[in-house]
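# Structural overview for review
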Amino acid sequence: MELTNITGLRGEVSVPGDKSISHRCIMFGSIAKGTTEIHNFLEGADCLATINCFRRLGIDIVEDGDIITVHGKGLHGLSAPDDILDVGNSGTTTRLISGILAGQSFDCKISGDDSLNSRPMKRIIDPLTRMGANISSILRNGCAPLYITKGSLHGIHYISPVASAQVKSCILLAGLYADGETSVMEPSLSRNHTELMLKEFGADLTTKHELDSTRATASIRPCEELYGQKIMVPGDISSAAYFIAAGLLVPDSEILIKNTGINPTRAGILKVCEDMGGDITLLNERTEGGEKIADILVRSSKLHGITIEGDIIPTLIDEIPVIAVMAAVAEGTTIIRDASELKVKETDRIETVTDNLTAMGCDVTPAFDGMVINGGKPLHGATIHTLLDHRIAMAFSIAALVAEGNTNILDSHCVDVSYPTFYDTFEQLL
Ligand code: S3P
(Lines give C-alpha, C1' and ligand atoms only; values in the text may rest on other atoms or scores of the structure.)
Protein backbone atom coordinates (compact mmCIF):
# COMPACT_ATOMS: atom_id res chain seq x y z
CA MET A 1 0.00 0.00 0.00
CA GLU A 2 1.45 3.35 -1.10
CA LEU A 3 0.41 6.40 0.95
CA THR A 4 1.33 10.07 1.04
CA ASN A 5 0.66 13.14 3.19
CA ILE A 6 -2.73 14.85 3.15
CA THR A 7 -4.77 17.50 4.95
CA GLY A 8 -8.40 17.84 5.94
CA LEU A 9 -9.83 14.47 7.00
CA ARG A 10 -13.50 15.20 7.59
CA GLY A 11 -16.60 13.14 8.23
CA GLU A 12 -18.34 10.52 10.29
CA VAL A 13 -17.20 6.89 10.46
CA SER A 14 -18.08 3.70 12.33
CA VAL A 15 -15.35 1.21 13.11
CA PRO A 16 -16.04 -2.56 13.11
CA GLY A 17 -17.06 -4.51 16.22
CA ASP A 18 -14.66 -5.00 19.10
CA LYS A 19 -12.27 -7.91 18.55
CA SER A 20 -12.04 -9.01 22.19
CA ILE A 21 -15.82 -8.93 22.62
CA SER A 22 -16.47 -10.70 19.29
CA HIS A 23 -14.23 -13.65 20.29
CA ARG A 24 -15.96 -13.95 23.63
CA CYS A 25 -19.52 -13.91 22.19
CA ILE A 26 -18.69 -16.95 20.04
CA MET A 27 -16.93 -18.82 22.84
CA PHE A 28 -19.45 -18.15 25.60
CA GLY A 29 -22.37 -18.66 23.20
CA SER A 30 -20.97 -22.07 22.23
CA ILE A 31 -20.83 -23.33 25.82
CA ALA A 32 -24.16 -21.75 26.79
CA LYS A 33 -27.57 -23.34 26.50
CA GLY A 34 -29.83 -21.87 23.80
CA THR A 35 -29.00 -19.38 21.08
CA THR A 36 -26.73 -16.35 21.21
CA GLU A 37 -27.53 -13.64 18.68
CA ILE A 38 -24.60 -11.36 17.83
CA HIS A 39 -24.90 -7.99 16.10
CA ASN A 40 -21.91 -6.02 14.74
CA PHE A 41 -19.57 -9.04 15.02
CA LEU A 42 -16.03 -8.34 13.76
CA GLU A 43 -15.46 -10.36 10.58
CA GLY A 44 -11.68 -10.15 10.96
CA ALA A 45 -9.41 -13.15 10.46
CA ASP A 46 -8.80 -13.63 14.21
CA CYS A 47 -12.50 -13.84 15.09
CA LEU A 48 -13.23 -16.03 12.07
CA ALA A 49 -10.57 -18.42 13.42
CA THR A 50 -12.59 -18.61 16.64
CA ILE A 51 -15.77 -19.39 14.69
CA ASN A 52 -13.98 -22.14 12.75
CA CYS A 53 -12.60 -23.71 15.91
CA PHE A 54 -16.03 -23.89 17.55
CA ARG A 55 -17.59 -25.29 14.36
CA ARG A 56 -14.93 -28.02 14.52
CA LEU A 57 -16.02 -28.63 18.13
CA GLY A 58 -19.55 -29.38 16.90
CA ILE A 59 -21.25 -25.99 17.30
CA ASP A 60 -23.64 -24.72 14.66
CA ILE A 61 -22.82 -21.05 13.96
CA VAL A 62 -24.95 -19.35 11.32
CA GLU A 63 -24.13 -16.08 9.54
CA ASP A 64 -27.19 -14.34 8.14
CA GLY A 65 -26.50 -10.82 6.89
CA ASP A 66 -25.33 -8.75 9.84
CA ILE A 67 -26.39 -11.27 12.46
CA ILE A 68 -24.43 -14.27 13.72
CA THR A 69 -26.35 -16.93 15.60
CA VAL A 70 -24.54 -19.42 17.81
CA HIS A 71 -26.54 -22.53 18.66
CA GLY A 72 -24.93 -23.30 22.01
CA LYS A 73 -24.86 -26.81 23.40
CA GLY A 74 -24.27 -26.07 27.07
CA LEU A 75 -21.18 -26.41 29.23
CA HIS A 76 -20.70 -30.10 28.35
CA GLY A 77 -21.93 -30.10 24.76
CA LEU A 78 -18.70 -29.71 22.76
CA SER A 79 -17.50 -32.74 20.80
CA ALA A 80 -14.02 -33.93 19.79
CA PRO A 81 -12.66 -32.15 16.69
CA ASP A 82 -11.74 -34.32 13.71
CA ASP A 83 -8.52 -32.37 13.14
CA ILE A 84 -6.07 -29.96 14.76
CA LEU A 85 -7.72 -26.62 15.73
CA ASP A 86 -6.23 -23.85 13.60
CA VAL A 87 -6.11 -20.58 15.54
CA GLY A 88 -4.28 -18.63 12.81
CA ASN A 89 -2.64 -15.47 14.17
CA SER A 90 -4.92 -15.20 17.20
CA GLY A 91 -3.49 -15.21 20.73
CA THR A 92 -6.95 -14.56 22.19
CA THR A 93 -8.41 -17.65 20.49
CA THR A 94 -5.50 -19.80 21.64
CA ARG A 95 -5.43 -18.77 25.28
CA LEU A 96 -9.18 -18.59 25.91
CA ILE A 97 -10.07 -21.79 24.07
CA SER A 98 -7.36 -23.62 26.04
CA GLY A 99 -9.20 -22.79 29.26
CA ILE A 100 -12.41 -24.26 27.86
CA LEU A 101 -10.74 -27.32 26.35
CA ALA A 102 -8.91 -28.10 29.60
CA GLY A 103 -12.34 -28.94 31.05
CA GLN A 104 -13.48 -31.32 28.29
CA SER A 105 -13.31 -35.10 28.19
CA PHE A 106 -11.70 -35.41 24.73
CA ASP A 107 -8.20 -34.80 23.35
CA CYS A 108 -7.29 -32.03 20.93
CA LYS A 109 -4.40 -30.11 19.43
CA ILE A 110 -4.17 -26.38 18.79
CA SER A 111 -1.78 -24.68 16.38
CA GLY A 112 -1.46 -21.38 14.53
CA ASP A 113 0.79 -19.45 12.15
CA ASP A 114 4.53 -18.86 12.73
CA SER A 115 3.95 -15.70 14.80
CA LEU A 116 1.33 -17.38 17.01
CA ASN A 117 3.46 -20.49 17.46
CA SER A 118 6.31 -18.37 18.81
CA ARG A 119 4.26 -16.53 21.47
CA PRO A 120 4.52 -17.59 25.13
CA MET A 121 1.96 -20.16 26.28
CA LYS A 122 3.71 -21.14 29.52
CA ARG A 123 1.68 -18.32 31.07
CA ILE A 124 -1.45 -20.46 30.61
CA ILE A 125 0.17 -23.93 30.76
CA ASP A 126 1.43 -23.29 34.32
CA PRO A 127 -1.84 -22.21 35.98
CA LEU A 128 -3.93 -24.74 34.03
CA THR A 129 -1.53 -27.51 35.10
CA ARG A 130 -1.89 -26.34 38.71
CA MET A 131 -5.66 -26.75 38.27
CA GLY A 132 -5.14 -30.38 37.21
CA ALA A 133 -5.34 -29.89 33.43
CA ASN A 134 -3.28 -31.97 31.02
CA ILE A 135 -1.85 -29.42 28.64
CA SER A 136 1.56 -29.46 27.02
CA SER A 137 3.64 -27.68 24.45
CA ILE A 138 4.19 -30.32 21.76
CA LEU A 139 7.67 -28.99 20.86
CA ARG A 140 8.48 -28.48 24.58
CA ASN A 141 9.36 -24.83 23.94
CA GLY A 142 6.52 -23.28 25.97
CA CYS A 143 4.66 -22.34 22.77
CA ALA A 144 1.90 -23.76 20.56
CA PRO A 145 1.24 -26.29 19.09
CA LEU A 146 -0.51 -27.35 22.28
CA TYR A 147 -1.88 -30.76 23.19
CA ILE A 148 -4.75 -30.97 25.67
CA THR A 149 -6.15 -34.22 27.07
CA LYS A 150 -8.80 -34.99 29.69
CA GLY A 151 -7.98 -33.72 33.16
CA SER A 152 -9.85 -33.23 36.38
CA LEU A 153 -9.90 -29.59 37.41
CA HIS A 154 -9.85 -28.07 40.89
CA GLY A 155 -10.25 -24.46 41.87
CA ILE A 156 -7.07 -22.49 42.59
CA HIS A 157 -6.19 -18.99 43.69
CA TYR A 158 -3.76 -17.78 41.06
CA ILE A 159 -1.54 -14.73 41.47
CA SER A 160 -0.72 -13.75 37.92
CA PRO A 161 2.67 -12.10 37.34
CA VAL A 162 1.24 -10.21 34.33
CA ALA A 163 -1.84 -8.06 33.84
CA SER A 164 -3.18 -10.15 30.94
CA ALA A 165 -6.85 -10.53 30.07
CA GLN A 166 -6.03 -13.60 28.01
CA VAL A 167 -4.41 -15.35 30.99
CA LYS A 168 -7.19 -14.22 33.35
CA SER A 169 -9.93 -15.31 30.95
CA CYS A 170 -8.31 -18.69 30.29
CA ILE A 171 -8.23 -19.50 34.02
CA LEU A 172 -11.78 -18.22 34.67
CA LEU A 173 -13.11 -20.33 31.79
CA ALA A 174 -11.33 -23.42 33.15
CA GLY A 175 -12.87 -22.47 36.50
CA LEU A 176 -16.32 -23.17 35.02
CA TYR A 177 -15.26 -26.86 34.97
CA ALA A 178 -13.48 -26.94 38.37
CA ASP A 179 -14.69 -28.51 41.61
CA GLY A 180 -14.67 -25.26 43.60
CA GLU A 181 -13.93 -21.55 43.43
CA THR A 182 -11.18 -20.31 41.11
CA SER A 183 -9.76 -16.83 41.41
CA VAL A 184 -7.17 -14.81 39.55
CA MET A 185 -5.37 -11.84 41.03
CA GLU A 186 -3.54 -9.59 38.59
CA PRO A 187 -1.06 -6.79 39.34
CA SER A 188 -3.38 -4.25 37.71
CA LEU A 189 -6.75 -4.61 36.07
CA SER A 190 -6.62 -5.84 32.46
CA ARG A 191 -9.61 -5.58 30.10
CA ASN A 192 -12.66 -7.01 31.88
CA HIS A 193 -14.91 -8.09 28.99
CA THR A 194 -14.84 -11.71 30.17
CA GLU A 195 -16.07 -10.78 33.63
CA LEU A 196 -18.82 -8.48 32.29
CA MET A 197 -20.03 -10.89 29.63
CA LEU A 198 -19.82 -14.10 31.67
CA LYS A 199 -22.04 -12.46 34.28
CA GLU A 200 -24.59 -11.61 31.56
CA PHE A 201 -24.53 -15.29 30.56
CA GLY A 202 -25.38 -16.25 34.16
CA ALA A 203 -21.98 -17.23 35.57
CA ASP A 204 -21.39 -17.00 39.32
CA LEU A 205 -18.58 -14.46 39.11
CA THR A 206 -17.39 -11.71 41.45
CA THR A 207 -14.72 -9.05 41.15
CA LYS A 208 -12.73 -7.11 43.71
CA HIS A 209 -10.44 -4.14 43.27
CA GLU A 210 -8.12 -3.55 46.26
CA LEU A 211 -8.42 -0.03 47.62
CA ASP A 212 -4.81 0.30 48.73
CA SER A 213 -3.21 -1.04 45.53
CA THR A 214 -3.81 -1.51 41.81
CA ARG A 215 -4.32 -5.29 42.23
CA ALA A 216 -7.60 -6.75 40.99
CA THR A 217 -9.17 -10.16 41.56
CA ALA A 218 -11.88 -12.02 39.65
CA SER A 219 -13.41 -15.19 41.12
CA ILE A 220 -15.70 -17.77 39.57
CA ARG A 221 -17.66 -20.71 40.96
CA PRO A 222 -18.88 -23.54 38.78
CA CYS A 223 -22.54 -23.22 37.76
CA GLU A 224 -25.08 -25.60 36.22
CA GLU A 225 -25.22 -23.84 32.86
CA LEU A 226 -24.67 -20.55 31.05
CA TYR A 227 -27.55 -19.17 28.97
CA GLY A 228 -27.47 -17.67 25.46
CA GLN A 229 -27.75 -13.88 25.10
CA LYS A 230 -28.41 -11.21 22.51
CA ILE A 231 -25.29 -9.09 22.13
CA MET A 232 -24.63 -5.81 20.34
CA VAL A 233 -20.84 -5.59 19.93
CA PRO A 234 -19.58 -2.00 20.34
CA GLY A 235 -17.10 -0.49 17.88
CA ASP A 236 -13.51 -1.44 18.71
CA ILE A 237 -11.60 1.39 20.43
CA SER A 238 -8.38 -0.25 19.25
CA SER A 239 -9.57 0.31 15.66
CA ALA A 240 -10.95 3.76 16.46
CA ALA A 241 -7.48 4.63 17.78
CA TYR A 242 -6.13 5.00 14.21
CA PHE A 243 -8.82 7.54 13.34
CA ILE A 244 -8.36 9.33 16.65
CA ALA A 245 -4.66 9.70 15.80
CA ALA A 246 -5.43 10.70 12.21
CA GLY A 247 -7.93 13.33 13.37
CA LEU A 248 -5.43 14.82 15.83
CA LEU A 249 -2.36 14.74 13.57
CA VAL A 250 -3.66 15.58 10.08
CA PRO A 251 -4.10 19.37 9.80
CA ASP A 252 -7.62 20.76 9.35
CA SER A 253 -9.39 17.54 10.36
CA GLU A 254 -12.61 16.83 12.22
CA ILE A 255 -13.75 13.22 12.59
CA LEU A 256 -16.73 11.75 14.45
CA ILE A 257 -16.25 8.05 15.31
CA LYS A 258 -19.66 6.59 16.14
CA ASN A 259 -20.65 3.86 18.65
CA THR A 260 -17.21 3.10 20.05
CA GLY A 261 -16.61 1.03 23.19
CA ILE A 262 -15.04 3.16 25.93
CA ASN A 263 -14.82 0.54 28.68
CA PRO A 264 -12.38 2.13 31.21
CA THR A 265 -10.14 -0.98 31.04
CA ARG A 266 -9.65 -0.21 27.33
CA ALA A 267 -9.85 3.56 27.09
CA GLY A 268 -6.33 4.57 28.18
CA ILE A 269 -5.76 6.09 24.75
CA LEU A 270 -8.38 8.76 25.44
CA LYS A 271 -6.56 9.87 28.61
CA VAL A 272 -3.21 9.87 26.78
CA CYS A 273 -4.58 11.98 23.92
CA GLU A 274 -6.05 14.44 26.41
CA ASP A 275 -2.75 14.61 28.37
CA MET A 276 -0.89 15.25 25.10
CA GLY A 277 -3.18 18.20 24.40
CA GLY A 278 -5.58 16.50 21.99
CA ASP A 279 -9.03 17.97 21.30
CA ILE A 280 -11.35 15.02 21.98
CA THR A 281 -15.00 15.13 23.05
CA LEU A 282 -17.18 12.17 24.05
CA LEU A 283 -20.80 12.47 22.93
CA ASN A 284 -23.90 10.39 23.51
CA GLU A 285 -22.35 8.28 26.32
CA ARG A 286 -24.35 5.19 27.30
CA THR A 287 -24.04 1.60 28.60
CA GLU A 288 -25.17 -1.56 26.75
CA GLY A 289 -24.67 -5.11 28.07
CA GLY A 290 -22.40 -3.72 30.79
CA GLU A 291 -20.10 -2.04 28.22
CA LYS A 292 -19.75 1.76 28.01
CA ILE A 293 -20.16 3.26 24.54
CA ALA A 294 -19.82 6.79 23.09
CA ASP A 295 -19.31 8.74 19.88
CA ILE A 296 -15.83 10.27 19.79
CA LEU A 297 -15.31 13.68 18.19
CA VAL A 298 -11.69 14.47 17.28
CA ARG A 299 -10.21 17.70 15.92
CA SER A 300 -6.68 18.53 14.74
CA SER A 301 -4.49 19.51 17.68
CA LYS A 302 -0.96 20.50 18.56
CA LEU A 303 0.36 17.65 20.73
CA HIS A 304 3.17 17.59 23.29
CA GLY A 305 5.17 14.71 24.76
CA ILE A 306 4.23 12.97 28.04
CA THR A 307 5.28 9.99 30.18
CA ILE A 308 3.09 6.87 29.90
CA GLU A 309 3.70 4.26 32.60
CA GLY A 310 2.19 2.14 35.39
CA ASP A 311 -1.32 0.76 35.54
CA ILE A 312 -2.60 2.71 32.53
CA ILE A 313 -0.43 0.46 30.32
CA PRO A 314 -2.80 -2.56 30.20
CA THR A 315 -5.63 -0.20 29.20
CA LEU A 316 -3.80 0.90 26.03
CA ILE A 317 -1.35 -1.91 25.29
CA ASP A 318 -2.63 -2.52 21.72
CA GLU A 319 -2.64 1.22 20.98
CA ILE A 320 1.05 1.81 21.77
CA PRO A 321 2.16 1.58 18.10
CA VAL A 322 -0.19 4.41 17.12
CA ILE A 323 0.54 6.35 20.33
CA ALA A 324 4.23 6.15 19.38
CA VAL A 325 3.36 7.66 16.00
CA MET A 326 1.53 10.53 17.75
CA ALA A 327 4.56 11.00 20.02
CA ALA A 328 6.85 11.23 16.98
CA VAL A 329 4.84 14.22 15.74
CA ALA A 330 4.28 15.81 19.19
CA GLU A 331 6.70 18.46 20.42
CA GLY A 332 9.05 17.24 23.16
CA THR A 333 9.84 13.87 24.69
CA THR A 334 7.46 10.98 25.27
CA ILE A 335 8.58 8.15 27.54
CA ILE A 336 6.76 4.82 27.43
CA ARG A 337 7.71 2.37 30.18
CA ASP A 338 6.30 -0.69 32.06
CA ALA A 339 5.27 -2.09 28.66
CA SER A 340 7.53 -5.14 28.23
CA GLU A 341 4.39 -7.08 27.17
CA LEU A 342 4.88 -5.35 23.78
CA LYS A 343 7.66 -7.85 23.10
CA VAL A 344 5.26 -10.82 23.04
CA LYS A 345 2.54 -9.46 20.78
CA GLU A 346 2.10 -10.44 17.10
CA THR A 347 5.63 -9.05 16.66
CA ASP A 348 8.10 -7.63 19.17
CA ARG A 349 6.41 -4.23 19.02
CA ILE A 350 9.24 -2.39 20.79
CA GLU A 351 11.44 -3.41 17.87
CA THR A 352 8.93 -3.07 15.01
CA VAL A 353 7.76 0.36 16.21
CA THR A 354 11.23 1.81 16.87
CA ASP A 355 12.76 0.36 13.65
CA ASN A 356 9.98 1.78 11.48
CA LEU A 357 9.90 5.16 13.27
CA THR A 358 13.68 5.40 12.80
CA ALA A 359 13.24 4.64 9.10
CA MET A 360 10.88 7.65 8.91
CA GLY A 361 13.46 9.97 10.49
CA CYS A 362 12.21 9.97 14.09
CA ASP A 363 14.61 10.23 17.04
CA VAL A 364 13.55 7.15 19.07
CA THR A 365 15.43 4.86 21.44
CA PRO A 366 14.12 1.42 22.41
CA ALA A 367 14.21 0.31 26.05
CA PHE A 368 13.63 -3.13 27.61
CA ASP A 369 10.10 -2.13 28.63
CA GLY A 370 9.19 0.66 26.22
CA MET A 371 10.83 3.49 24.32
CA VAL A 372 11.83 7.15 24.45
CA ILE A 373 10.64 9.31 21.56
CA ASN A 374 12.00 12.81 20.96
CA GLY A 375 9.18 14.15 18.84
CA GLY A 376 8.71 17.12 16.58
CA LYS A 377 11.29 16.34 13.88
CA PRO A 378 9.58 16.16 10.45
CA LEU A 379 8.91 12.57 9.37
CA HIS A 380 9.73 11.42 5.85
CA GLY A 381 8.25 8.61 3.78
CA ALA A 382 9.86 5.17 4.06
CA THR A 383 9.31 1.49 3.41
CA ILE A 384 7.48 0.06 6.43
CA HIS A 385 8.25 -3.53 7.38
CA THR A 386 5.06 -4.67 9.09
CA LEU A 387 6.29 -8.26 9.57
CA LEU A 388 2.59 -9.11 9.06
CA ASP A 389 1.57 -7.31 12.26
CA HIS A 390 -1.83 -5.66 11.66
CA ARG A 391 -1.31 -2.92 14.24
CA ILE A 392 2.06 -1.93 12.76
CA ALA A 393 0.46 -1.66 9.29
CA MET A 394 -2.35 0.60 10.56
CA ALA A 395 -0.22 2.73 12.90
CA PHE A 396 2.30 3.48 10.14
CA SER A 397 -0.45 4.19 7.63
CA ILE A 398 -1.30 7.11 9.93
CA ALA A 399 2.35 8.15 10.13
CA ALA A 400 2.39 8.17 6.31
CA LEU A 401 -0.38 10.80 6.26
CA VAL A 402 1.88 13.34 7.99
CA ALA A 403 5.26 12.35 6.44
CA GLU A 404 6.94 14.17 3.55
CA GLY A 405 6.91 11.98 0.40
CA ASN A 406 5.64 8.48 -0.18
CA THR A 407 5.41 5.63 2.33
CA ASN A 408 5.15 2.02 1.27
CA ILE A 409 3.43 -0.27 3.79
CA LEU A 410 4.63 -3.81 3.05
CA ASP A 411 2.11 -6.65 3.42
CA SER A 412 -0.66 -4.16 4.24
CA HIS A 413 -3.22 -6.95 3.72
CA CYS A 414 -2.38 -8.06 7.29
CA VAL A 415 -4.93 -5.44 8.46
CA ASP A 416 -7.44 -8.24 7.74
CA VAL A 417 -6.62 -9.71 11.15
CA SER A 418 -8.60 -7.06 13.00
CA TYR A 419 -9.87 -4.50 10.47
CA PRO A 420 -10.40 -5.81 6.90
CA THR A 421 -12.08 -2.56 5.80
CA PHE A 422 -9.46 -0.23 7.32
CA TYR A 423 -8.47 1.46 4.03
CA ASP A 424 -12.14 1.76 2.96
CA THR A 425 -12.98 3.69 6.13
CA PHE A 426 -10.24 6.15 5.14
CA GLU A 427 -11.80 6.77 1.77
CA GLN A 428 -14.92 8.00 3.58
CA LEU A 429 -12.89 10.83 5.15
CA LEU A 430 -11.18 12.15 2.03
C1 S3P B 1 -6.84 -9.41 24.54
C2 S3P B 1 -5.95 -9.12 25.55
C3 S3P B 1 -4.67 -8.44 25.34
C4 S3P B 1 -4.62 -7.74 23.98
C5 S3P B 1 -5.14 -8.61 22.88
C6 S3P B 1 -6.58 -9.00 23.15
C7 S3P B 1 -8.10 -10.10 24.86
O8 S3P B 1 -3.63 -9.38 25.39
O9 S3P B 1 -3.30 -7.32 23.71
O10 S3P B 1 -5.07 -7.93 21.64
O11 S3P B 1 -9.03 -10.10 24.03
O12 S3P B 1 -8.19 -10.65 25.98
P13 S3P B 1 -2.95 -9.86 26.79
O14 S3P B 1 -3.97 -10.55 27.58
O15 S3P B 1 -1.84 -10.77 26.37
O16 S3P B 1 -2.46 -8.60 27.43
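Residues numbered from 1 in each chain as written. Predicted model: local features only at pLDDT ≥ 70, side-chain atom pairs only at ≥ 80, totals over all residues. Heavy atoms only, no water.

## Observations regarding the UniProt feature "domain: Enolpyruvate transferase" (unreviewed entry) in the protein chain
Under the local residue numbering, the UniProt record ascribes the feature "domain: Enolpyruvate transferase" (unreviewed entry) to residues 5-425. In the segment residues 5-425, helix accounts for 29% and strand for 28%; the C-alpha atoms at its two ends are 17 Å apart. (UniProt positions renumbered as here; feature names shortened; annotations may be inferred. Helix = DSSP H or I, 4+ residues; strand = E, 2+ residues; numbered from the N terminus.)

## Considering the state of the cysteines
Using the criterion set out here, one finds 0 disulfides in the structure. Residue C53 stays outside any disulfide, its sulfur separated by 9.4 Å from that of C108, the closest cysteine. Classification of C53 by relative accessible area gives buried; the value is 2%. Here C273 is not cross-linked by a disulfide; its sulfur's nearest cysteine counterpart is in C362, at 17 Å. (Disulfide = S-S within 2.5 Å. Buried < 20%, exposed > 50% of the residue type's maximum accessible area, 1.4 Å probe, protein only.)

## A closer look at the sheet that holds strand β8 (residues 134-137)
Here we have 4 strands laid out as an open sheet, ordered β6-β7-β9-β8, and mixed in their pairing. With one partner strand each, in any of the chains shown, β6 (85-88) and β8 form the two edges of the open sheet. Geometrically, the sheet is characterised by an average inter-axis angle of 20 degrees between neighbouring strands, direction not taken into account. Sheet topology places strand β7 (residues 108-112) next to strand β9 (residues 146-149); 3 bridges connect them, and they run antiparallel. Opposite C108, over in β9, you have I148 as the bridge partner. Contacting β8 and β9, helix α4 (residues 122-130) crosses the sheet at an angle of about 155 degrees to β8. (Pairing = 2+ DSSP bridges. Axes fitted to C-alpha atoms, helices over the stretch in contact; angles between N-to-C directions. Contact = heavy atoms within 4.5 Å.)

## Considerations on a nonpolar patch on the surface
Residues I138, L139 and Y147 make up a contiguous nonpolar surface patch of roughly 270 Å² in combined accessible area. Considering the arrangement of structural elements, one finds Y147 in strand β9. Residue classification places Y147 among the partly exposed residues on the basis of a relative accessible area of 31%. (Patch = residues over 30% accessible without salt bridge, like charges linked within 9 Å, V, L, I, M, F, W, Y side chains within 5 Å. Areas by Shrake-Rupley, 256 points an atom, 1.4 Å probe, with all protein chains shown as cover. Salt bridge = Lys/Arg side-chain N within 4 Å of Asp/Glu carboxyl O.)

## What to know about the sheet that holds strand β20 (residues 332-336)
One open sheet holds the 4 strands; their spatial order is β19-β20-β22-β21, and the pairing between them is mixed. Looking at strand neighbours, the two that pair on one side only are β19 (307-308) and β21 (363-367), the edges of this open sheet. Where β21 lies against strand β22 (residues 370-375), 5 bridges are found, and the strand directions are antiparallel. Paired with P366 across the bridge in β22 is M371.

## Considerations on the packing of helix α1 (residues 19-30) against helix α3 (residues 91-101)
Between α1 and α3, whose axes approach to 11 Å, the crossing angle comes to 30 degrees. Compared by their axis directions, α1 and α3 come out roughly parallel. As for the relative orientation of α1 and α3, their crossing is right-handed in sense. Where α1 approaches α3, its residues K19, H23, R24 and M27 are matched on the opposing element by T92, T93, L96, I97 and I100. Classifying every residue of the contact of α1 with α3 by side-chain character gives 4 nonpolar, 3 polar and 2 charged. (Parallel < 35°, antiparallel > 145°, perpendicular 65-115°, else oblique. Left-handed = near helix turned anticlockwise from the far one by under 90°. Nonpolar A, V, L, I, M, F, W, Y, C, P; charged D, E, K, R; others polar.)

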